[in-house]
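# Per-entry structural report
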Amino acid sequence: MFRERLLAAAIGLASIAAIAWSLWPEAPPAVAAPAPIAITATAIPLDADAPARTRVGTLEYRGGVVLRSADPLFGGLSGLRWRDGWLLAVSDTGNWLRFRTVERGGRLVGISDARIAAIPMADGRPAAQKADGDAEALEWDSAGLVVAFEQEHRLQYWPPFRPGAAAGRAGPAGSAGYTDPTGPPARVDHHSQSIAWPSNGGGEAMARLPDGRILLFSERARRRDGSHEVLLIGAGGAVSLGYRAPAGFSPTDAVAIDSRHLLVLNRRFDGRAAAELQLVDLAGLRPGTVLTGRPLARLEPPLPVDNME
């Protein structure tokens, strides 16, 4: 069961490699209203030079796709989660993107039913400018939806929802389900520890633990010992931790497998693009802890690698 969860979580994180490059800061604002979006998906092997290859490190490759769209609002995807056959992503231009996965023989080969919508700000409206809607990470489970933003560092929370559910229909855990989270967030939290985080280097990776607490990793803020700053956020507020990323890498996504194990995706994007997936043991988690992981796989050319947010 642990191996299955590990593999499933790794697939979800590695799928980010299939997403197009981020949009530049002068990109247009969020989409005006929820709408279908035309996206093409092209299946790719793990290794174009050895198409039969299916393993990298300790992981098994279960398919990948390159996504393309002529729509100027497509791109800049910086967080991705899978649930019940759907992938939900957030973009750094303030949009949601959701679509179904298409599998054949247990392998990802395409997508369908893509739809784009603006992420509502606290007033229920789309972001007025990119700096307001710079979404970098999300969690999406039966406890609800939470999105991490940088520049104005904050977390926005919504109740649970299920794509495709009619308004008012029962969703996960008996909550109301609705087609898109188009209403204002139920809560917006700012944490004092993140005020000094770099504008474009704030909460880039986030994971919700089974007990409901959230781990939020800063991409660029560092502690005195050189580790990346991490907030452990619970009902009583936030406490500071650290995470020691691989040399030259920064954390860009994370997901909890269970109460003891966390997957952290790290990227290097300095002209030598690469990504490393690490397994982190959460035993003894307490204020001041510096999290460390062991590598499971590294992606770098000639294997397909992207911005890996």
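Just so we're clear, the structure is a prediction, and the values are computed from it rather than from any experiment.

With an omega dihedral of 15°, the bond running from Pro 301 to Pro 302 counts as a cis peptide bond. When you line up the elements, Pro 302 lands in the segment after strand E24 (293–299). Here the phi dihedral of Asp 113 falls at roughly 55°; this positive angle occurs in a residue that is not glycine. With respect to the element layout, Asp 113 can be found in strand E9 (residues 107–118). We note that Gln 151 has phi near 75°; this positive angle belongs to a residue other than glycine. With respect to the helices and strands, Gln 151 occurs in the loop between strand E11 (144–149) and strand E12 (154–158).

This brings us to the confidence of the model for the protein chain. Here the protein chain averages 86 in pLDDT, while 84% of its residues score no lower than 70. For the stretch residues 1–26, pLDDT sits under 50, and the model shows 64 contacts to residues farther than four places along the chain or on other chains. Low pLDDT, under 50, characterises residues 166–178; the predicted model gives this stretch 33 contacts beyond four residues in sequence or across chains.

Counting across every chain of the model gives 3 aromatic pairs. Measuring from centroid to centroid gives 5.4 Å for Phe 217 and Tyr 243, while their planes differ by 80°, and the two rings are edge-to-face. Taken together, the positions of Phe 217 in strand E17 (residues 214–222) and Tyr 243 in strand E19 (residues 237–243) put the pair 26 residues apart, joining distant regions of the chain. As far as the burial class goes, Phe 217 and Tyr 243 line up, both buried.

What follows deals with the sheet that holds strand E1 (residues 35–36). With respect to topology, 5 strands assemble into an open sheet ordered E1-E9-E8-E7-E6, the strand pairing being antiparallel. Pairing within the sheet leaves two strands with one partner each, and these edge strands are E1 and strand E6 (77–83). Relative to E9, strand E8 (residues 95–104) runs antiparallel, the two being bridged by 9 bridges. In the sheet register, Arg 100 faces E9, and the bridge partner there is Ser 112.

Attention now moves to the pattern of salt bridges. Under the definition given, this model contains 17 salt bridges. Ionic pairing is found between Glu 139 and Arg 81, a salt bridge with its closest N-O pair at 3.2 Å. With a gap of 58 residues between them, Glu 139 in strand E10 (residues 135–141) and Arg 81 in strand E6 connect regions that are remote in the sequence. The exposure classification of Glu 139 matches that of Arg 81, with both residues buried. Note that Asp 113 and Arg 100 form a salt bridge whose closest N and O atoms lie 3.1 Å from each other. Remark: Arg 100 occurs in strand E8 and Asp 113 occurs in strand E9; sequence separation between them is 13 residues.

About the thresholds
- Residues numbered from 1 in each chain as written.
- Predicted model: local features only at pLDDT ≥ 70, side-chain atom pairs only at ≥ 80, totals over all residues.
- Heavy atoms only, no water.
- Helix = DSSP H or I, 4+ residues; strand = E, 2+ residues; numbered from the N terminus.
- pLDDT = per-residue confidence, 0-100.
- Contact = heavy atoms within 4.5 Å.
- Phe/Tyr/Trp six-rings, centres within 6.5 Å; stacked < 30°, edge-to-face > 60°.
- Buried < 20%, exposed > 50% of the residue type's maximum accessible area, 1.4 Å probe, protein only.
- Pairing = 2+ DSSP bridges.
- Salt bridge = Lys/Arg side-chain N within 4 Å of Asp/Glu carboxyl O.

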